[in-house]
Amino acid sequence: MSERKRLFTGLQPSGALHIGNYFGTVKPFLLMYESYESFLCAVDYHALTTIKDPKELEKNTFNIVAAYLASGVDPEKAVIFKQSDVSEHTELAWILECQVTVPFLMQAHSYKDKTAQGIEPSAGLFNYPMLMASDILLYDAEVVPVGEDQRQHIEYTREAAGKFNNLYGETFKLPKEHISKDVGVVPGTDGRKMSKSYKNTIPLFGSKDEIASAVMSIVTDSTGERPENVFAIHKLFKPESELTALYKENKNKYKELKEALIEDIETVLTPMRERRDSITETEVKSVLETGGKVAKEIASKKMAEVREKIGAN
Ligand code: ADP
Ligand code: TRP
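For clarity, every value in this text was computed on a predicted model and none was experimentally measured.

Undergrad: What's the story with empty space enclosed by the protein in this structure? I'm lost.
TA: Taken as a whole and assessed by the stated rule, the structure comprises 1 cavity of 30 Å³ or more. Of the volumes computed, that of the largest cavity is approximately 70 Å³. In terms of residues, the lining of the largest cavity owes the most to one element, helix α1 (residues 19-32), which gives 5 residues. Residue composition of the lining of the largest cavity, by class: 5 nonpolar, 5 polar and no charged.

The structure is reproduced here in structure tokens:
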């Protein structure tokens, strides 16, 4: 077996990726995944908590895998697979659900946020953290790169694993979240966190026109030295040292600054977009098939151990 630690991350196929996702999740993953034995899982059963249209779920799953490939993830160096291809994930989820209590799951932010918005929660949404715990624990993953919003889910994973280990003996490794500090929150065109639910995004694989129109809609504030919302996005695409002079020279010329930003975004995204356009359904299918086989083998061994321990051999 490989000496390297295992890394696992899950990607929800719940919609088109934006540059907030890219700088918050995709790029940090790219910088670290080759140092580990890495697993990248399209968590389509998690997305089922929000997406009920089969065509949409299928399309989103293809898109998210294609996005990672286009961004530069090498399928030879990571196990890329689909959650629903490895039935052990839902099987283990049930067993973990039997270890934790209803009041514990009721404290999950994801659940509390949705119910606070008046959404009637499905039992799936309620149990979401235990399906996520299964994703991670089946592979003995020790490192889990996620956004800040997922910190609690990793705590929940450790809690469930710890309870199982205490009761049945050492079985699961306790994973640790890896939250990239330097990226922080990418602001959207209205200055709030960029998020598909706020409709303030700059699409990662949009056409030049779509990107231009999103950039032109960035809200500017004329009171400061420079348009901070434009600058905050710009510095993701060009070093700050180069931008300082540009913003000084173009003080109060918001249109020119936004045009410069559009050009700089294009320079970075064009090659990725071209790669994205060349990825076929056959290619994604083949990557998922290969990855699914590797994942299944590992997961089924772990499940055999779990079944043995609980008395369901
Ligand atoms: P959205 O808020 O658009 O629904 P998701 O919740 O699907 O995005 O995001 C998936 C991951 O992408 C998050 O866990 C987070 O790590 C990252 N992410 C999303 N939006 C941003 C942002 N504005 N800045 C930095 N990272 C982000
Ligand atoms: N809940 C995560 C999100 O919304 C997605 C996810 C599912 C995940 N399973 C995971 C992330 C396992 C890391 C590890 O972003």
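Undergrad: Honestly, the site of ligand 1 in this entry has me stumped. Any pointers?
TA: As a structural note, the neighbourhood of ligand 1 is formed by 14 residues, with H18, T25, V186, S195 and K196 the closest of them. One nitrogen or oxygen atom from the side chain of N21 is found 3.1 Å from an oxygen atom belonging to ligand 1. For ligand 1, a nitrogen atom lies 2.8 Å from a polar atom in the backbone of V186. Starting from 540 Å² of accessible surface for ligand 1 in isolation, the protein chains cover 80%. Residues belonging to the shell around ligand 1 are distributed by class as follows: 3 nonpolar, 8 polar and 3 charged.

Undergrad: Can you help me understand the packing of aromatic side chains in this one?
TA: To describe a pair of aromatic rings, one takes the distance between the centres and the angle between the planes. Inspection of every chain in the model, using the stated rule, returns 13 aromatic pairs. Ring plane angle 35° and centroid distance 5.1 Å describe the contact between F39 and Y139, whose orientation is recorded as tilted. Of this pair, F39 sits in strand β2 (residues 37-42) while Y139 sits in the loop between α7 (123-137) and β4 (143-145), placing them 100 residues apart in sequence. Across this residue pair, the class does not change: F39 and Y139 are buried. Ring centres of F104 and Y156 lie 4.0 Å apart, and the angle between their planes is 20°; this geometry places the pair in the stacked category. Of the two residues, F104 sits in helix α5 (residues 102-106) while Y156 sits in helix α8 (residues 151-168), which places them 52 residues apart along the sequence. Judged on exposure class, the residue F104 and its partner Y156 are both buried.

Calculation criteria
- Residues numbered from 1 in each chain as written.
- Chains lettered and ligands numbered in written order.
- Predicted model: local features only at pLDDT ≥ 70, side-chain atom pairs only at ≥ 80, totals over all residues.
- Heavy atoms only, no water.
- 1 Å grid on protein atoms, 1.4 Å probe; cavity = no way out; pocket = protein on both sides within 12 Å on 5 of 7 lines; lining within 4 Å.
- Points joined across faces, edges and corners; volume = space filled by probe spheres on them.
- Helix = DSSP H or I, 4+ residues; strand = E, 2+ residues; numbered from the N terminus.
- Nonpolar A, V, L, I, M, F, W, Y, C, P; charged D, E, K, R; others polar.
- Near = heavy atom within 4 Å.
- Polar contact = N/O pair within 3.5 Å; in protein donor to acceptor, adjacent residues only side chain to side chain.
- Areas by Shrake-Rupley, 256 points an atom, 1.4 Å probe, with all protein chains shown as cover.
- Phe/Tyr/Trp six-rings, centres within 6.5 Å; stacked < 30°, edge-to-face > 60°.
- Buried < 20%, exposed > 50% of the residue type's maximum accessible area, 1.4 Å probe, protein only.

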